[in-house]
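The lines below spell out each chain.
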Amino acid sequence: MSFELVFQQALNGLSFGALLFILASGLSLVFGMMDVVNLAHGAFYMLGAYVALSVVQLTGSFWVAMLAAPVALALLGLLIEPLLLRRLRGRHLDQVLLTIGVSLVIVDVTGQLWGREVRSLSAPPGLDGSVALIGGVYPVYRLFVMALGVVLAAAMAVVYRRTRIGMLIRAGVEDAQMLGALGVDTNRLFASTFATGAGLAGLAGVIAAPVFGIQPGMDTDPGLLYSLVVVVVGGLGTLSGAVAGSLLIGPADTFGKVLFQDVALAVIFAIVALVLLLKPTGLLGRIRVAR
Amino acid sequence: MGGFAKNELAAKRGYTYRLTRRQFLVASSAAALAACAPGAVTPTASSSAAPGKELKIGLLLPFTGVYAELGNSMRRATELYLKQSDQKLANRHVTPVYADDANVTATGIAATQKFIDQDQVDVMMGVVPTPLAYGIRNAVHAAKLIFIDTNAGGNALTRDTTNCTPSCKSPYIFRASFSSYQISYPIGDYLSAKGTKEFFLAYANYGFGTESAADFTTGLKKNGGSTTGNVAPPLGNPDFAPFVTQIKNQPTKNVYSFFSGADAIGFIKSWNSLGLPAAGYKMYGAGFLTEQDVLKEVKDLANGAITSLFWAVELDNAENKKFVADFQKQYPLLPDVFTVQQYDGMRALDEALKAVGGDTSDKDKFVKALEDVSFKSPRGDFAFDKTTHNPIQDIYIREVKTQNGQTVNTISDKIAKVTDPGK
């Protein structure tokens, strides 16, 4: 591989990684806080993409969609947590099963409402062009995605470390019962965490649509599949884990697929297996005390 | 059901008869077994092969999963044809039996077995993925069930192969769609004969993609052409930038590709955003690369792409114009190639049934009638190759152009009467 080629593929890998981070951050947040592997995360991502499609068709603006889809999904999360998940609190496996059920319903309803054709979204005006970079032109949208990934990670880190809500989340991750005993309304905290997770999935739906497209099946691949890989490799339930996971998986998937194309699908799973073998908590995972 | 009857009798006689749990289990399982026996469900099925009786067509299609829209298209075609023929083929009233394979091979195989054992359908149609067509081949063949494949294009389904691996032709299997040879070999042959001899390949890394790439290469080599390398993303790959970047960093400007649906959209968008048209690269491919489902999303980004297929919605013949108009009267959308395949399958079945007076009881006679079918289809002249049961059809060379704000496949040339070599 020439230098130009390595450089371009590294950009591809990093922008893919940024997309994966946006996709996986919500899953990681919900797991860290609520100890629930939300298997409806991929379906939320899919619904976000379809909501964005409709909003763009109605208003003609990608930016409106970029606001509307996360808000719509957050509202859905705000309904699902108190109505369904809360009733099973503490029963982790039952909660996981419940999220599978939720995802099946969302996927079928999405198919009914929007049809089952393959759709796509264009990058917004201003970001739909290309700029000259080493070795040729590069799409502006992918650079924007990279910047957005960095901004989102930074914003999440600030909220997590420097704000009151972040403090509550950290406390909740450590010991939710004790937090409740200290007078914090954990119901509200859990509901808003779940809503934020769903909103992040919705955001991923909008941002990924111009690159990954919108089609039936996107809820599992790339949706759930890649976000699970990222959080498992990076470390379950920590923000830094999601960052590390997407920084590793994005480029690894990109280079793996072009260098070893006959075993393309096996590359990232080989990484998952290796990481789990050497460090079962993931690269930056915490050791969880069984509760 | 004996247990319950006895119970009623006992009640009538004025003394109570208490059903024990064991008796209940015996009685209810006997009832369940009786209900499962095919004869009990469709008592008239054994005589349904006679003319004038109901004709059951089992349609195995995906209505959920990635290929759901293909299933919907083919269902629309079936319903349109039946509406136009007053729900009758020859003198037989038609009952379509739809089954959803959900793009899962095991589900499709089970549904086929149900068509054979329980529904006892007279004819089977449909099947979108090639692995499913291969998977049901032996069951259909053993049951002597007439099966008209209306999509799956894997070559082996209508060929002689060693040990019938992965599949092979059967007297009872016909194909109204295409073999992957037909959409790949002729364009390779055509382009190399015209002097474009060097190609780089880009294809989805699964059975059908690799088959298409191999047939295209064989076509190229016939006139001294060659390929210089390839990229092969997995089927359903989310991000195409890495593969298009590889293409951009190699010198062969002509690229032959096999992608469809979401993959085709991802490929064409990356192709443009990474600046390949400006760098002098030119896109060629099997027709699915630029069918309507793709063009309506990528629009003029696909301009200049040259592809081959046996049909295009713009095809200028009387049958196609009528077909497109009829379809649009019924549905608020343009027909696609999958609609045509299913519609032609129905037409072939209709013609064969007319030839035998609606009598499907003599299988050999019915097979012969299907082999003799020939008609003017929206795609041009349609006939089955008698040795393979694959269609003999014209292959069109098409170029994507944007005219009056519409991005369409314009027909630039025709390769007449292409048939599959059969081995």
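What you see is a predicted model, and the numbers here were worked out from it, not measured in a lab. (Residues numbered from 1 in each chain as written. Chains lettered and ligands numbered in written order. Predicted model: local features only at pLDDT ≥ 70, side-chain atom pairs only at ≥ 80, totals over all residues.)

## What to know about the interface of chain B and chain A
It is common to give the size of an interface as the accessible area lost on bringing the parts into contact. The interface of chain B with chain A comprises 30 residues on the first partner and 31 residues on the second. Of all the secondary-structure elements, those providing two or more residues to the side of chain B that touches chain A are helix 4 (68–84), helix 9 (241–248), helix 10 (261–273) and helix 11 (292–298) of chain B. Residue contributions to the side of chain B that touches chain A peak at six residues, all from helix 9 of chain B. The class makeup of the residues in the side of chain B that touches chain A is 14 nonpolar, eleven polar and five charged. (Contact = placed C-beta atoms within 7 Å. Helix = DSSP H or I, 4+ residues; strand = E, 2+ residues; numbered from the N terminus. Nonpolar A, V, L, I, M, F, W, Y, C, P; charged D, E, K, R; others polar.)

## Concerning the nonpolar core
Formed by 119 residues in total, the largest nonpolar core has its most connected members in B:M124 and B:I148. For this core, the element with the highest residue contribution is helix 13 (residues 337–355) of chain B, accounting for nine residues. Residue assignment places this core across two domains, with domain 2 (53–178 + 316–389) and domain 3 (181–309 + 396–418) of chain B each supplying three or more. Ignoring any residue separated from it by four or fewer positions in sequence, one finds B:I148 in contact with B:V123, B:M125, B:F174, B:A176, B:G345, B:A348 and B:L349. Judged by nonpolar contacts, the second largest core, of 89 residues, contains A:L98, A:V107, A:F190 and A:A191. (Core = buried A, V, L, I, M, F, W, Y, C linked by C-beta atoms within 7 Å. Buried ≥ 20, exposed ≤ 12 C-beta atoms within 10 Å, placed from the backbone. Domains from an automatic or database assignment.)

## Section: helix 9 (residues 239–259) of chain A
Between the first and last C-alpha of helix 9 of chain A there are 30 Å, a value that for 21 residues agrees with the 30 Å anticipated at 1.5 Å per step. Of all 21 residues in helix 9 of chain A, 17 are buried; the element is thus mostly enclosed. (Expected span 1.5 Å × (residues − 1).)

## Observations concerning the confidence of the model for chain A
Model confidence for chain A is summarised by a mean pLDDT of 93, while 98% of its residues fall at 70 or above. Of all the helices and strands in chain A, helix 6 (residues 164–181) of chain A carries the lowest mean pLDDT, 89, while helix 2 (residues 41–59) of chain A carries the highest, 98. (pLDDT = per-residue confidence, 0-100.)

## Concerning the environment of B:V94
Residues and elements named next belong to chain B. Of note, V94 is situated in strand 3 (residues 92–100). The class for V94 is buried, based on 23 C-beta atoms found within 10 Å. Measuring from C-alpha to C-alpha, the distance between V94 and I57 comes to 7.2 Å, with 37 residues separating the pair along the chain. If sequence neighbours within four positions are ignored, V94 has contacts with L55, I57, L82, Q87, K88 and L89.

## A few points about the environment of B:L349
Residues and elements named next belong to chain B. Position of L349 among the secondary structure elements: in helix 13. As a C-alpha pair, L349 and S273 span 76 residues in sequence and 46 Å in three-dimensional space. Among all residues touching L349, those that are not within four sequence positions of it are L89, V123 and I148.

## Some words on the pairing of strand 3 of chain B
Residues and elements named next belong to chain B. Pairing between strand 1 (residues 55–61) and strand 3: seven bridges, direction parallel. Across the sheet, K56 pairs through a bridge with T95, a residue of strand 3. With two bridges joining them, strand 2 (residues 88–89) and strand 3 adopt antiparallel strand pairing. Considered in strand 3, the bridge of L89 is made with R92. Two successive antiparallel strands, strand 2 and strand 3, enclose a turn made up of two residues, where A90 displays a positive phi of approximately 50°. (Pairing = 2+ DSSP bridges.)

## Here's the deal with the packing of helix 2 of chain A against helix 7 (residues 186–212) of chain A
Residues and elements named next belong to chain A. With their axes 7 Å apart at the nearest point, helix 2 and helix 7 run at an angle of 55° to one another. For the element pair helix 2 / helix 7, the angle class is oblique. Seen along the crossing, helix 2 lies across helix 7 with a hand that is right-handed. For the pair formed by helix 2 and helix 7, the contact residues are H41, F44, Y45, M46, L47, G48, A49, V51 and A52 on the first element and A198, A201, G202, L203, A204, G205, V206 and A209 on the second. (Axes fitted to C-alpha atoms, helices over the stretch in contact; angles between N-to-C directions. Parallel < 35°, antiparallel > 145°, perpendicular 65-115°, else oblique. Left-handed = near helix turned anticlockwise from the far one by under 90°.)

## Overview of the sheet that holds strand 6 (residues 173–175) of chain B
All names here are of chain B. Strand order across the open sheet formed by six strands is 2-3-1-4-5-6, with mixed pairing between neighbours. The open sheet has two edge strands with one neighbour each: strand 2 and strand 6. Pairing geometry for strand 1 and strand 4 (residues 123–126), over four bridges, is parallel. Within strand 4, the residue paired with L59 across the bridge is M125.

## Some details on the pairing of strand 9 (residues 254–258) of chain B
All names here are of chain B. Judged by how many residues are buried, strand 9 sits mostly within the fold: four of five residues are covered. With four bridges connecting them, strand 7 (residues 198–203) and strand 9 associate as parallel partners. Bridge assignment links F200 to a residue of strand 9, and that residue is V255. Bridge analysis of strand 9 against strand 10 (residues 282–286) gives four bridges, and the strand direction is parallel. For V255, the partnering residue across the bridge sits in strand 10 and is M283. Between the parallel pair strand 9 and strand 10, the chain is carried across by helix 10, and the sense of this crossover is right-handed. (Right-handed = clockwise from strand over helix to strand, strands pointing away.)

## Description of helix 1 (residues 3–34) of chain A
Residue and element names in this part refer to chain A. Between the first and last C-alpha of helix 1 there are 45 Å, a value that for 32 residues agrees with the 46 Å anticipated at 1.5 Å per step. The sharpest bend along helix 1 measures roughly 35° and falls at A24. For helix 1, a buried count of 26 out of 32 residues is recorded, marking the element as mostly surrounded by other parts of the structure. Positive backbone phi, approximately 60°, marks D35, located one or two places after helix 1. (Bend = angle between axes of the 7 residues up to and from the residue.)

## Digging into the environment of B:F366
Residue and element names in this part refer to chain B. In this structure, F366 sits in helix 14 (residues 363–371). Judged by the 22 C-beta atoms lying within 10 Å of it, F366 is buried. Along the sequence, F366 and D316 sit 50 residues apart, while their C-alpha atoms lie 33 Å from each other. Look past the residues within four positions of F366 in its chain and what remains in contact with it is I146, A352, V356 and T360.

## Some points on the packing of helix 1 of chain A against helix 9 of chain A
All names here are of chain A. Remark: helix 1 packs on helix 9, axes separated minimally by 7 Å, with the N-to-C direction vectors making an angle of 140°. Overall, the two elements helix 1 and helix 9 adopt an arrangement that is oblique. Relative to helix 9, helix 1 is oriented so that their crossing is right-handed. Tallied by class, residues from the contact of helix 1 with helix 9 come to 14 nonpolar, eleven polar and one charged.

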